[in-house]
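Coordinate analysis (summary)
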Amino acid sequence: MKIVQILPEMNAGGVELCTLELASLLVEMGHESLVISNGGRLVQALKHAGSRHILMPVHRKSPISLGQVIPLRKRLIEEKPDILHIHSRVPGWIAWLAWRSMNPTTRPALVSTMHGFYSVNAYSAIMAKGERVIAVSASIRDHVLKCYPRVLAETIRVVSHGIDPEAYRPDYHPPGDWLDRWSSDFPHLAGKFLLLLPGRITRLKGHQDFFNLVSALRKEGLDVHGLVAGDTHESKRAYLDELHAFAGNLGVADDITFLGHRSDIRDVMAASDLVCSLSQQPESFGRTALEAMALGKPVIGYDCGGVGELLTRLFPLGRVPMGDAPGLVEAATAIIADRPKPSPVGPPYTLRSMGEATFAVYRELSR
């Protein structure tokens with residue numbers, strides 16, 4: 001089969017990474033993979049894995065993007081793909097308008113993936129217009145059924161994101177030279193029980209809840225240290241300053257280390273003792289939580305959305321009701337005392353199972 005995926009750009013991000021992984025799996029399974037986007041840093045990796053990339057400006061959140069409908073329609077007629085798979089709203093509208101004007105007997109089947117809890121409006125409705133709608137978790141499936149009542153339940157398929165079990169496994173250890181640099185860069189972490197909060201510096205990630213947790217554990221006499229790993233966009237500099245001040249007012253400024261952006265987050269997770277997922281809104285899936293548990297690391301997180309689903313299945317001890325500060329302290333204290341491990345991560349949370357499940361959706365629609 002020939003599959004075309006379309007998304008705004010191929011830069012770092014969950015949707016981009018999912019597209020890259022799916023494209024690589026399709027090539028590995030013997031299919032032809034094309035990706036249409038405005039380009040980005042992951043294009044080289046995409047091509048290296050055997051996919052073709054078609055550069056088109058389908059990323060702008062502007063009516064001017066509708067000028068790409070006719071060029072895309074022409075390209076689809078030339079390429080004759082079996083499947084057109086949309087991953088985002090702006091390119092989704094471009095793709096749907098191009099697809100709708102094609103011959104129904106020869107046009108590709110249309111698949112859309114709901115990657116998030118999009119705002120409910122006419123703009124977001126495009127993500128529910130596929131002949132099959134892939135939801136990345138049961139929570140997203142329920143969101144689609146509740147917010148888009150015209151979507152038939154039988155057209156929705158839940159396909160979880162997956163991880164590479166060879167890269168993320170319980171016996172993984174960072175390389176020796178990495179550990180040497182880590183010890184040299186952060187000597188004050190030696191002997192501490194390390195709590196990690198990964199994610200961009202935004203209010204949604206729950207940094208203040210994390211700092212309150214570290215403070216409470218320190219007051220109980222536990223020798224813990226908090227790590228914050230995540231990039232800070234220029235627009236979020238004021239919030240980063242606010243976080244430093246908040247930590248200072250709590251008296252934990254010396255017990256929190258801001259690591260900034262880390263391209264080695266797998267090693268950072270492997271060097272940590274407990275990973276936290278404290279998003280202030282339900283997450284659609286919770287990839288970082290899954291990666292941490294695949295590394296054998298306990299995770300505590302709010303019991304909602306995709307993270308709640310993952311914890312229910314792999315590490316129930318880590319589930320805490322949204323905003324329950326005493327519950328966070330109780331769960332963390334129990335983990336520090338007993339050092340439990342999550343259940344092994346297998347299907348449906350592997351790359352292979354993700355690829356096979358997605359291709360099964362394609363096969364349902366094959367012309």
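First, a word on scope: everything that follows refers to the structure included in this document. (Residues numbered from 1 in each chain as written. Predicted model: local features only at pLDDT ≥ 70, side-chain atom pairs only at ≥ 80, totals over all residues. Heavy atoms only, no water.)

Examining the packing of aromatic side chains
Selection rule: Aromatic pairing here means that ring centres of Phe, Tyr or Trp (its six-membered ring) are within 6.5 Å. Orientation follows from the plane angle: under 30 degrees is stacked, over 60 is edge-to-face, and everything else is tilted. When the NZ atom of lysine or the CZ atom of arginine is within 6 Å of a ring's centre and also within 35 degrees of its normal, the charge is said to sit over that ring.
Throughout the structure, instances matching the rule amount to 8 aromatic pairs. By way of ring pairs, the aromatic residues Phe210, Phe211, Phe246 and Phe258 are connected into one cluster. Here Arg107 stacks its cationic end above the ring of Trp99, 3.7 Å away from the centre of that ring. In this arrangement the basic side chain of Lys129 is found over the ring face of Trp96, its NZ or CZ atom lying 4.8 Å from the centre.

Regarding the sheet that holds strand β9 (residues 224-229)
Put simply, the test is: The pairing criterion is simple: DSSP has to find at least two bridges between the two strands. Helix numbers and strand numbers start at the N terminus; a helix is a DSSP run of H or I with at least 4 residues, a strand a run of E with at least 2.
Pairing is parallel in the open sheet, where 6 strands are placed in the order β10-β9-β8-β11-β12-β13. Of all strands in the sheet, those bounded by a partner on one side alone are β10 (256-260) and β13 (319-320). Pairing analysis gives 2 bridges linking strand β12 (residues 299-302) to β13, with the strands arranged parallel. Bridge pairing in β13 places Tyr302 opposite Val320.

Describing the sheet that holds strand β1 (residues 2-6)
Across a sheet, strands are paired by hydrogen bonds formed along the backbone, either parallel or antiparallel in direction. Defined as follows: In this analysis an axis means a line fitted to C-alpha atoms, helices contributing only their contacting stretch, and an angle means the value between N-to-C directions, from 0 to 180 degrees.
Read across the sheet, 7 strands follow the order β3-β2-β1-β4-β5-β6-β7 without closing on themselves; strand pairing throughout is parallel. Each edge of the open sheet is held by one strand with a lone partner, namely β3 (52-55) and β7 (156-158). Along the sheet, successive strands turn relative to each other by an average axial angle of 25°, direction set aside. Strand direction decides the pairing type here: β1 and strand β2 (residues 32-37), joined by 5 bridges, are parallel.

Quick look at the environment of His87
Rules: Contact criterion: two residues are considered in contact whenever any of their non-hydrogen atoms come within 4.5 Å of each other. N or O atoms closer than or at 3.5 Å make up a polar contact, with two conditions inside protein: a donor-capable atom paired with an acceptor-capable one, and, for residues adjacent in sequence, both atoms drawn from side chains.
With respect to the helices, strands and loops of the structure, His87 is situated in the loop between β4 (83-86) and α4 (89-100). In contact with His87, not counting residues within four places along its chain, are Gln5, Ile6, Leu7, Val15, Thr19, Thr113, His115, Tyr118 and Met127. Polar contacts involving the side chain of His87 include one to the side chain of His115, which spans 2.9 Å.

Description of the state of the cysteines
Just so we agree on the cut-off: Here, a disulfide means two cysteine sulfur atoms that sit within 2.5 Å of each other.
For the structure shown, the criterion picks out 0 disulfides. In this structure Cys147 is a free cysteine whose sulfur lies 15 Å from that of Cys304, the closest cysteine sulfur available. Considering cysteine sulfurs only, Cys276 is the nearest to Cys304, which forms no disulfide, with 14 Å between them.

Section: the nonpolar core
Filter applied, for reference: The term nonpolar core refers to a set of buried residues drawn from Ala, Val, Leu, Ile, Met, Phe, Trp, Tyr and Cys, joined through side-chain atoms within 4.5 Å. Burial classes: relative accessible area under 20% of the type maximum marks a residue as buried, over 50% as exposed, and values in between as partly exposed (1.4 Å probe, protein chains only).
Residues Leu72, Met114, Leu195, Phe210, Leu213 and Ile300 are the most contacted members of the largest nonpolar core, which totals 96 residues. What Ile300 contacts, discounting residues up to four positions off in sequence, is Leu213, Leu274, Val275, Cys276, Ser277, Leu278, Gly318, Leu328, Ala331, Ala332 and Ile335. If you look at the next biggest cluster of nonpolar residues, it comprises 16 residues, including Leu26, Ala109, Val159 and Met354.

Things to note about unusual backbone geometry
Here Pro347 and Pro348 are connected by a cis peptide whose omega angle stands at 10°. Along the chain, Pro348 turns up in the loop between α12 (325-338) and α13 (351-365). Here Lys80, not a glycine, exhibits a phi torsion of approximately 55°, which is positive. Mapped onto the elements of the fold, Lys80 is located in the loop between α3 (69-79) and β4. Taking the relative accessible area as the measure of exposure, Lys80 reaches 64% and is therefore exposed. The phi dihedral of Arg339 falls on the positive side, at around 50°, and the residue is not glycine. Here Arg339 is to be found in the loop between α12 and α13.

Considering the pairing of strand β5 (residues 109-114)
With 6 of 6 residues buried, β5 lies mostly within the body of the structure. One ladder, built from 4 bridges, connects β4 with β5; its direction is parallel. Residue pairing across strands places His85 opposite Val111, the latter belonging to β5. Two strands pair when backbone bridges link them, and β5 and strand β6 (residues 132-135) are joined in this way by 4 bridges, in the parallel orientation. Each residue of the ladder has a partner; that of Met114, found in β6, is Ala135.

As for the packing of helix α7 (residues 207-219) against helix α8 (residues 237-250)
As a reminder of what qualifies: Convention used here: angles under 35 degrees read as roughly parallel, angles over 145 as roughly antiparallel, angles from 65 to 115 as roughly perpendicular, and any remaining angle as oblique. For any helix crossing, the convention is left-handed if the near helix is rotated counterclockwise from the far helix by under a right angle, and right-handed if that rotation is clockwise. Throughout, the ten residues Ala, Val, Leu, Ile, Met, Phe, Trp, Tyr, Cys and Pro are labelled nonpolar, Asp, Glu, Lys and Arg are labelled charged, and all others, Gly among them, are labelled polar.
Remark: α7 packs on α8, axes separated minimally by 10 Å, with the N-to-C direction vectors making an angle of 20°. As judged from the angle between their axes, α7 and α8 are roughly parallel. The two elements α7 and α8 cross, and the hand of that crossing is right-handed. Facing α7, whose interface residues are His207, Gln208, Phe211, Asn212 and Ser215, α8 presents Tyr239, Glu242, Leu243, Phe246, Ala247 and Leu250. The class makeup of the residues in the contact of α7 with α8 is 6 nonpolar, 4 polar and 1 charged.

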